[in-house]
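As a plain string of letters, each chain reads:
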Amino acid sequence: MVQDFDLLVLASCIAKGYAFTEPSFVEDFEGGVPPTNWSINTTGPGGSWFAASNSLFGDLLGTGEAAMIDSDAAGFSQTASTLTTPVIAVADVSSSIIEFDSWFRTFGGSDVYNLEVSADGGAWVAVQAIPANNQADRISVDIGENLVGATSFRLRWNYVATFEYYALIDNI
């Protein structure tokens, strides 16, 4: 009996016939926050996205550098900020699955932390409410249904809170 199945190939694999293919869109924030061609939009007097190494906590994800937002540091001022990718051509991506590392800690649970997508410059649609687990999580979201018929898209991480705790993202 013959059975076909996919194998995960590590970048360090040197076996004949196997090749590691780098994902078509990646960001590890090692070059800073925001990365080149990304944007941050902050409304209200609270905090904004910044490099996690500049916080009291450091990079809780333990991955080198990460993007972080900390409403606790902003006190009783509302923190409302988005971290947005540049425009990504649908033809340039090999998969509609978006994966990233996240750490989301809440205090009273009134904060909102979502991954959103906009196709062809259209309205933003929340595709994933990030769970507040107070631990490192690997999040995987299939945005394929949001890209049907689209030629381009953008992603953004939208965080809104008042005197809650914080959120981090990395390794997109």
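Details of the structure are given in the entry above.
Fair warning: this is a prediction, and the values are worked out from it, not measured in the lab. (Residues numbered from 1 in each chain as written. Predicted model: local features only at pLDDT ≥ 70, side-chain atom pairs only at ≥ 80, totals over all residues. Heavy atoms only, no water.)

When its secondary structure is counted, the protein shows zero helices and 11 strands. When the elements of the protein are put in sequence order from the N terminus, they spell out β-β-β-β-β-β-β-β-β-β-β. Just so you have it, the protein exposes about 9500 Å², and 52% of that area is on carbon and sulfur atoms. (Helix = DSSP H or I, 4+ residues; strand = E, 2+ residues; numbered from the N terminus. Areas by Shrake-Rupley, 256 points an atom, 1.4 Å probe, with all protein chains shown as cover.)

Among the seven residues that make up strand β4 (residues 78–84), six are buried, leaving the element largely enclosed by the rest of the structure. When strand β1 (residues 39–43) meets β4, the two strands line up antiparallel, connected through five bridges. Following the sheet pairing, I40 is matched in β4 by L83. Summarising the sheet, β4 and strand β10 (residues 152–162) pair through seven bridges and their orientation is antiparallel. Its bridge partner lying in β10, S81 is registered against Y159. (Buried < 20%, exposed > 50% of the residue type's maximum accessible area, 1.4 Å probe, protein only. Pairing = 2+ DSSP bridges.)

A word on the sheet that holds strand β11 (residues 166–170). Overall, antiparallel pairing links the five strands, which are arranged β2-β3-β11-β6-β9 in an open sheet. Edge positions in the sheet fall to β2 (50–51) and β9 (137–142), since each of these pairs with one other strand and no more. With four bridges joining them, strand β3 (residues 67–70) and β11 adopt antiparallel strand pairing. The residue of β11 that forms the bridge with I69 is A167.

Time to look at the packing of aromatic side chains. All chains considered together, the criterion is met by 12 aromatic pairs. Aromatic pair F104 and Y159: ring centres 6.3 Å apart, planes at 80 degrees, arrangement edge-to-face. Here F104, found in strand β6 (residues 97–105), pairs with Y159, found in strand β10; they are 55 residues apart in sequence, far enough to count as distant. Exposure class is identical for F104 and Y159. Each is buried. (Phe/Tyr/Trp six-rings, centres within 6.5 Å; stacked < 30°, edge-to-face > 60°.)

Mapped onto the elements of the fold, S81 is located in strand β4. For S81, the side chain forms a polar contact with the side chain of T42, separated by 2.8 Å. (Polar contact = N/O pair within 3.5 Å; in protein donor to acceptor, adjacent residues only side chain to side chain.)

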